[in-house]
Amino acid sequence: MKKELQDLHLETHVKIHTLLLLGGLIVTGIGGKISEFGRLHVVAWIGILLIVLSMLWRFLFIKCPHCGSKLYSVRELPEYCPDCGEKLV
Ligand SMILES: [Zn+2]
């Protein structure tokens, strides 16, 4: 399972990460609105889970396919790897 995920294109990983993060933020927002004071609604927890998952995704899969250099600290995917100089996108 993890192997197949790792074989996905780097841009696909970035898209999945962004979708999880945006989805998580929206769901958390909705959950927050329907939560009672001092008690988080289960929807808000699902949103938080999605955000955590998106962070995990970033740490696990957003790296250079050539040298494995971690790219999670960059805001936007560079065209070339800052470490090995290979083309990324
Ligand atoms: Zn590299």
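For the structure itself, consult the block above.
Residues numbered from 1 in each chain as written. Predicted model: local features only at pLDDT ≥ 70, side-chain atom pairs only at ≥ 80, totals over all residues.

(A) A look at the packing of helix α2 (residues 10–34) against helix α3 (residues 42–61). Packing of α2 against α3 brings their axes to within 7 Å, and their N-to-C directions diverge by 160°. Between α2 and α3, the crossing angle belongs to the class labelled roughly antiparallel. In this structure, α2 crosses over α3, and the sense of that crossing is left-handed. For the contact of α2 with α3, the per-class residue count stands at 16 nonpolar, nine polar and one charged. (Axes fitted to C-alpha atoms, helices over the stretch in contact; angles between N-to-C directions. Helix = DSSP H or I, 4+ residues; strand = E, 2+ residues; numbered from the N terminus. Parallel < 35°, antiparallel > 145°, perpendicular 65-115°, else oblique. Left-handed = near helix turned anticlockwise from the far one by under 90°. Nonpolar A, V, L, I, M, F, W, Y, C, P; charged D, E, K, R; others polar.)

(B) Structural context of the environment of L10. Relative to the elements of secondary structure, L10 occurs in helix α2. L10 sits in the partly exposed class, given 17 other C-beta atoms within 10 Å. Sequence separation between L10 and F37 is 27 residues; the distance between their C-alpha atoms is 41 Å. Apart from residues lying up to four places away in sequence, L10 is in contact with P65, L77 and L88. (Buried ≥ 20, exposed ≤ 12 C-beta atoms within 10 Å, placed from the backbone. Contact = placed C-beta atoms within 7 Å.)

(C) The arrangement of α2 in detail. For α2, spanning 25 residues, the distance from its first C-alpha to its last is 36 Å, which sits close to the expected 36 Å at 1.5 Å a residue. By the burial criterion, the buried members of α2 are H13, H17, L20, G24 and T28. (Expected span 1.5 Å × (residues − 1).)

Any functional reading would require information that these geometric values do not contain.
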